[in-house]
Amino acid sequence: KGGAALEELEAECVEHCVDDAGLGTYPSYSGPAEMVARIFKKEDPILWVRVNAFQLESLKSIALRMLRHSPYYMRHPETLTSGVMVAGEVPPFAFVGPVTILV
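Everything numeric in this text was worked out from a predicted model, so none of it was measured.

J.: Tell me what's going on with the packing of aromatic side chains, and back it up with residues and numbers.
T.: Using the criterion set out here, one finds 2 aromatic pairs in the structure. Each ring, one from Y72 and one from Y73, has its centre 4.9 Å from the other, and the planes form 90 degrees; the classification is edge-to-face. Here the aromatic rings of F93 and F95 are separated by 5.2 Å at their centres, their planes lie at 90 degrees, and the arrangement is edge-to-face. In terms of burial, F93 and F95 fall into one category: exposed.

The following block contains the structure:
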């Protein structure tokens, strides 16, 4: 969206969100207010920084959030405790002893 403020995005969502709650298409959907609450109020937004390494972390956060709401992972949340990894990504690393970093 090019860095729009969250307030602008929320207003756009309210303006263009289709209210088919009364049509029976999605019986559990209560309308635009529900969608705005789910997107903008339920959890903090995921920060997007336009640097490759940070974009990868943001995408992983988005994927993880989506997976946590899928039926399988709702039944087995423990499988996501270590997060998600992308093929070819360097795994987490820890030093085994004290380290001095020279700057």
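So that's the structure; there's more coming.
J.: Please give an account of helix α2 (residues 32–41) that cites residues and values.
T.: Looking only at α2, the buried set comprises P32, E34 and V36. On its buried face, α2 is in contact with α1 (6–16).

J.: Please provide a residue-by-residue account of the side chain of E34, values included.
T.: Secondary-structure assignment places E34 in helix α2. The exposure class of E34 is buried, given its relative accessible area of 17%. With residues up to four places along the chain from it excluded, the contact list for E34 reads S28 and Y29.

J.: Can you explain the layout of surface pockets? Please cite residues and give values.
T.: When its volume is computed, the second largest pocket comes out at roughly 330 Å³. Elements with a contribution of two residues or more to the lining of the second largest pocket: α2 and α3 (52–68). Residues that form the lining of the second largest pocket fall into these classes: 5 nonpolar, 1 polar and 4 charged.

J.: So what about the packing of α1 against α2? Which residues, and what values?
T.: Close contact between α1 and α2 brings their axes to 10 Å; oriented N to C, the two are set at 160 degrees. One way to sum up the angle between α1 and α2 is to call them roughly antiparallel. As for how α1 packs across α2, the hand of that crossing is right-handed. Where α1 abuts α2, its residues L6, L9, E10, C13 and V14 lie against V36, I39, F40 and K41.

J.: An account of the pattern of salt bridges is needed here, citing residue identities and associated values.
T.: Opposite charge on two side chains lets them pair, provided their charged atoms get close. For the coordinates displayed, the defined rule picks out 5 salt bridges. Residue R65 pairs with E43 through a salt bridge whose shortest N-O separation is 3.1 Å. A residue pair is termed long-range when its members are at least 10 positions apart, and R65 in helix α3 and E43 in the loop between α2 and α3 qualify at 22 residues. Overall, R65 belongs to the partly exposed group, its relative accessible area being 27%. Residue classification places E43 among the partly exposed residues on the basis of a relative accessible area of 34%. Notably, a salt bridge pairs E89 with K60, separated by 2.6 Å at the nearest N-O pair. Taken together, the residues E89 in the segment after α4 (71–75) and K60 in helix α3 connect sequence positions 29 residues apart. We note that E89, like K60, is buried. What emerges from the salt-bridge pattern is a single network uniting E57, K60 and E89.

Rules used throughout
Residues numbered from 1 in each chain as written. Predicted model: local features only at pLDDT ≥ 70, side-chain atom pairs only at ≥ 80, totals over all residues. Heavy atoms only, no water. Phe/Tyr/Trp six-rings, centres within 6.5 Å; stacked < 30°, edge-to-face > 60°. Buried < 20%, exposed > 50% of the residue type's maximum accessible area, 1.4 Å probe, protein only. Helix = DSSP H or I, 4+ residues; strand = E, 2+ residues; numbered from the N terminus. Contact = heavy atoms within 4.5 Å. 1 Å grid on protein atoms, 1.4 Å probe; cavity = no way out; pocket = protein on both sides within 12 Å on 5 of 7 lines; lining within 4 Å. Points joined across faces, edges and corners; volume = space filled by probe spheres on them. Nonpolar A, V, L, I, M, F, W, Y, C, P; charged D, E, K, R; others polar. Axes fitted to C-alpha atoms, helices over the stretch in contact; angles between N-to-C directions. Parallel < 35°, antiparallel > 145°, perpendicular 65-115°, else oblique. Left-handed = near helix turned anticlockwise from the far one by under 90°. Salt bridge = Lys/Arg side-chain N within 4 Å of Asp/Glu carboxyl O.

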